[in-house]
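# Summary of structural features
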Amino acid sequence: MGSIPDPGELTELTRPSFDEFQRQTSLMTSCTLLWKELSDHFTSLEQNLQKKSEALKHKFQTLDHDTKATLSSLKKREVTIDGSVEIALERVEEHREDALKSLENQNFDHPDGEVDDGDALLQLLKSYCLKMHSREFWKFVITKKKELDVLRSQIPLALAECVDPARFVLEAISEVFPVDKRGERTEKGNDLGWACVLILESLIPVVVDPLIGNSRLLVTPSVKEKAKEIAETWKRSLEERGGIENVKTPDVHTFLQHLVTFGIVKKEDVDLYRKLVVGSAWRKQMPKLAVSLGLGDKMPDMIEELISRGQQLDAVHFTYEVGLVDKFPPVPLLKAFLKDAKKAAASILEDPDTGRAAHFAARKEQSALRAVIKCIEEYKLEAEFPPENLKKRLEQLEKTKTEKKRPAAVPANKRTRASNGGPMPPAKAGRLTNAYVSSFPAPPTFVRSPSHTQYPTGVPAYPSAAAVYGSRSPQSPYAYSPEATAPIAGSYRGAPLNYPPYGGYGNGFAPAYQQAYYL
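Residues numbered from 1 in each chain as written. Predicted model: local features only at pLDDT ≥ 70, side-chain atom pairs only at ≥ 80, totals over all residues. Heavy atoms only, no water.

If you check an unreviewed UniProt entry, the chain appears there as FRIGIDA-like protein from Hevea brasiliensis.

### Some details on unusual backbone geometry
The cut-off we apply is this: By definition, any uninterrupted DSSP run of H or I lasting at least four residues is a helix, any uninterrupted run of E lasting at least two residues is a strand, and each is numbered from the N terminus. The cut-offs for exposure are 20% and 50% of the maximum accessible area for each residue type, with area from a 1.4 Å probe on protein chains only; residues under the lower value are buried, those over the upper are exposed, and the others partly exposed.
Here the bond from phenylalanine 177 into proline 178 is cis, since omega is 10°, no more than 30 degrees from zero. Tracing the backbone shows proline 178 in the loop between helix H5 (165-172) and helix H6 (193-207). Here the phi dihedral of methionine 132 falls at roughly 60°; this positive angle occurs in a residue that is not glycine. Structurally, methionine 132 is set in the loop between helix H2 (118-130) and helix H3 (134-141). Residue lysine 380 is not a glycine yet carries a positive backbone phi of 55°. Examined against the element boundaries, lysine 380 turns out to sit in the loop between helix H14 (354-378) and helix H15 (388-405). For lysine 380, a relative accessible area of 66% gives the class exposed.

### Looking at the layout of surface pockets
For clarity, the threshold we go by: Any residue with an atom within 4 Å of a point lines the site, the site being either a cavity, points on a 1 Å grid over the protein atoms alone where a 1.4 Å probe fits but cannot get out, or a pocket, an open set with protein on both sides within 12 Å along at least 5 of 7 lines. Grid points are joined across faces, edges and corners, and a volume is the space filled by probe spheres set on the points. Three residue categories are used. Nonpolar comprises Ala, Val, Leu, Ile, Met, Phe, Trp, Tyr, Cys and Pro, charged comprises Asp, Glu, Lys and Arg, and polar comprises the others, including Gly.
Looking at the largest pocket, its volume works out to about 790 Å³. Taken together, 24 residues form the lining of the largest pocket, with Arg283, Lys284, Gln285, Pro287 and Glu378 sitting closest to its centre. Those elements that provide at least two residues to the lining of the largest pocket are H6, helix H8 (249-262), helix H10 (286-292), helix H12 (312-322) and H14. In terms of residue count, H12 provides more of the lining of the largest pocket than any other element does, six residues in total. Counted by class, the lining of the largest pocket contains 12 nonpolar, four polar and eight charged residues. A volume near 530 Å³ is recorded for the second largest pocket. In this structure, the second largest pocket is lined by 25 residues; those nearest its centre are Ala88, Arg91, Pro165, Val206 and Leu218. Looking at the lining of the second largest pocket, the elements with two or more residues in it are helix H1 (18-104), H5, H6, strand S1 (208-209) and strand S2 (213-217).

### Some thoughts on the side chain of aspartate 314
Selection rule: His is not counted, nor are the chain ends, whereas Lys and Arg count as positive and Asp and Glu as negative. A side-chain nitrogen of Lys or Arg and a carboxyl oxygen of Asp or Glu constitute a salt bridge if their distance falls within 4 Å. Identification of polar contacts relies on pairs of N or O atoms within 3.5 Å, with a donor-acceptor requirement for protein atoms, meaning one able to donate a hydrogen and the other able to accept it, and with residues adjacent in sequence counted only if both atoms are side-chain atoms. Contacts between residues were defined by any pair of non-hydrogen atoms, one from each residue, lying within 4.5 Å.
Checked against the element boundaries, aspartate 314 lands in helix H12. Buried and without a salt bridge, aspartate 314 has arginine 309 as its closest oppositely charged side chain, separated by 8.4 Å. A polar contact of 2.9 Å, which involves the side chain of aspartate 314, links it to the side chain of glutamine 311. The residues touching aspartate 314, leaving out its near neighbours within four places in the chain, are Ala281, Trp282 and Leu306.

### What about a nonpolar patch on the surface?
Operational definition: Nonpolar side chains (Val, Leu, Ile, Met, Phe, Trp, Tyr) within 5 Å and like charges within 9 Å form the patches, drawn only from residues with over 30% relative accessible area and no salt bridge. Shrake-Rupley sampling with a 1.4 Å probe provides the accessible areas, and residues are treated as covered by the protein chains on show and by no other component.
A contiguous nonpolar surface patch, about 370 Å² in accessible area, is contributed by Leu34, Leu38, Phe42 and Leu45. Following the sequence through the fold, leucine 34 ends up in helix H1.

### Thoughts on the pairing of S2
How we decide: Strands are labelled as partners when DSSP assigns at least two bridges between them.
Here two bridges tie S1 to S2, and the two strands are oriented antiparallel to one another. Residue pairing in the sheet places valine 208 in a bridge with leucine 217 of S2. A loop of three residues connects S1 with S2, the two strands running antiparallel in sequence.

### A closer look at the pattern of salt bridges
Within the structure shown, the criterion is met by 16 salt bridges. One salt bridge in this structure joins lysine 266 and glutamate 232, with 2.9 Å as the shortest N-O distance. Of this pair, lysine 266 sits in the loop between H8 and helix H9 (270-279) while glutamate 232 is found in helix H7 (residues 221-240), placing the two residues 34 residues apart along the sequence. Classification of lysine 266 as partly exposed rests on a relative accessible area of 31%. Residue classification places glutamate 232 among the partly exposed residues on the basis of a relative accessible area of 26%. Among the ionic pairs, arginine 241 bridges to aspartate 251, the shortest N-O distance being 3.2 Å.

### What to know about H8
Let me state the cut-off plainly: What a helix is expected to span follows from its residue count: subtract one and scale by 1.5 Å.
Between the first and last C-alpha of H8 there are 20 Å, a value that for 14 residues agrees with the 20 Å anticipated at 1.5 Å per step. Most of H8 sits inside the fold, with 13 of its 14 residues counted as buried. Phi for glycine 263, located one or two positions after H8, is positive at around 60°.

### Focus: the packing of H12 against helix H13 (residues 330-348)
Working note: a packed helix pair is described by the angle between its axes plus the distance between those axes. Just so we agree on the cut-off: Helix axes are fitted to C-alpha atoms over the stretch in contact, other axes to C-alpha atoms as well, and angles between N-to-C directions run from 0 to 180 degrees. Here the word oblique covers every angle except those under 35 degrees (roughly parallel), over 145 (roughly antiparallel) and from 65 to 115 (roughly perpendicular). Crossing handedness: left-handed means the near helix sits turned counterclockwise from the far one by under a right angle, and right-handed means the same turn made clockwise.
Running from amino to carboxyl end, H12 crosses H13 at an angle of 160°, the nearest separation of the two axes being 8 Å. One element, H12, and the other, H13, form an angle in the roughly antiparallel class. In this structure, H12 crosses over H13, and the sense of that crossing is left-handed. Within the contact between the two elements, H12 uses Gln312, Leu313, Ala315, Val316 and Tyr320 and H13 uses Pro330, Leu333, Leu334, Ala336, Phe337 and Asp340.

### Considerations on the packing of H8 against H9
Running from N to C, H8 and H9 cross one another at 135°; their axes reach a closest spacing of 10 Å. Here H9 runs oblique to H8, going by the angle between their axes. H9 is crossed by H8, and the crossing has left-handed handedness. Side by side, H8 and H9 meet where Val252, Phe255, Leu256 and Leu259 of the first sit next to Tyr273, Leu276 and Val277 of the second. When its residues are assigned to classes, the contact of H8 with H9 shows seven nonpolar, no polar and no charged.

### What about helix H11 (residues 299-308)?
As a reminder of what qualifies: Directions are taken from the helix axis to each C-beta atom, and the arc is the one they span.
When we look at burial in H11, the residues that qualify are Met299, Met302, Ile303 and Leu306. All buried residues of H11 fall inside an arc of 100° around its axis, so they share one side. Next to the buried residues of H11 lie H9, H10 and H12. Positive phi shows up at glycine 310, right after H11, with a value of about 80°.

This is the structure in structure tokens:
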């Protein structure tokens, strides 16, 4: 019979299993964490599938809506073709009759292009359009840049009188676009891009369909093909001009407006359009042109690029055009623009020429302040960015500029005596025509020998004055006639302060003579 174990004795069966308990606890914790991880993973998958399902459903709805809208538009276009063609033919017939009448009646002709008022200008423009005289129309428009607002309102009315307005416009601007065909050009008169853009913009309301609007342009296939050829010619000329970076902004603007006006935008050229728009973003019409060119989906990247290039003000105009104000708040951009302008002005002040540096720095800051104030007023940002401090700063800069321009006051009864103690000139000497009174003692009288052209040894030379007036013609020994001048023994170092510089020169020197005088 076996022995009964003592209850107080520890055996393996009664030893506590604490290690096993820890192992089981660790296992349970791992299982719990794994379960939670798997649960979160499946929940995430379920949410993603639900989002994708909703997105796909939304795409189907959008596609269905777009399909219905497209079918409706096509049906409307098909129905309105006959009506639009009939209206266009009636207009062509009316314009043809008016053109024949204008050719018969030559009473309203202005050979010299002189007009007195807006009505006369409009009648002259209509006369050119009725007769399809595109060359004369172009020559007249480019001479009226100062009347740009009047032209902008009246050119569309005049173009409506053309038998074929689209062809008329292409012929009118062909002198400078796509390639400038002028022979001799000056830098000042070289830019006629404003006229091209003005005429192209004015053509849009003339060629839109009278029944369905901008969705269809009344441009003949032959003219549209010609417009495409012109666009391709301009693109090929980019290489000859040294690339996009070297093309002038007026040329870029004309090209982009040409594409929009004739509806010949190409999807494969979107990257080219993007580069051209960003390079000329400071132009006022560029945001609208960018949207018309199909760059709406690329606008966020374009705006970020403008900001990185320090063109925050241009970026603000683009954000308002495409409705991205929430993503790109305008006030921080305007403040950053002002900050950069102040830094640029400070860097200009480091120029050794203190006077010129201060002038250019003030102009830089003034330009930035005016642009920001105008932007605040245009987009109604006064509540977020009060312009009062900016206006005060602008007034301060303008006041400082005015004070610097103001000449120093000189008492009227204290005329400055010449440095050598000679007699003072009369107070009214500067008012007389070709009058000159020397402040130096009269020199001895010399008569030039017919065989010599040099001064006698007793008369000093004029090295300093000759250097100042080096542009005098060597063929004339006198700046003025000998009868109108008095003898002079030396050159001035500076004009007296109480009367204007002699001879109409702004530097204050008296004219120096390199030959002997007849007395």
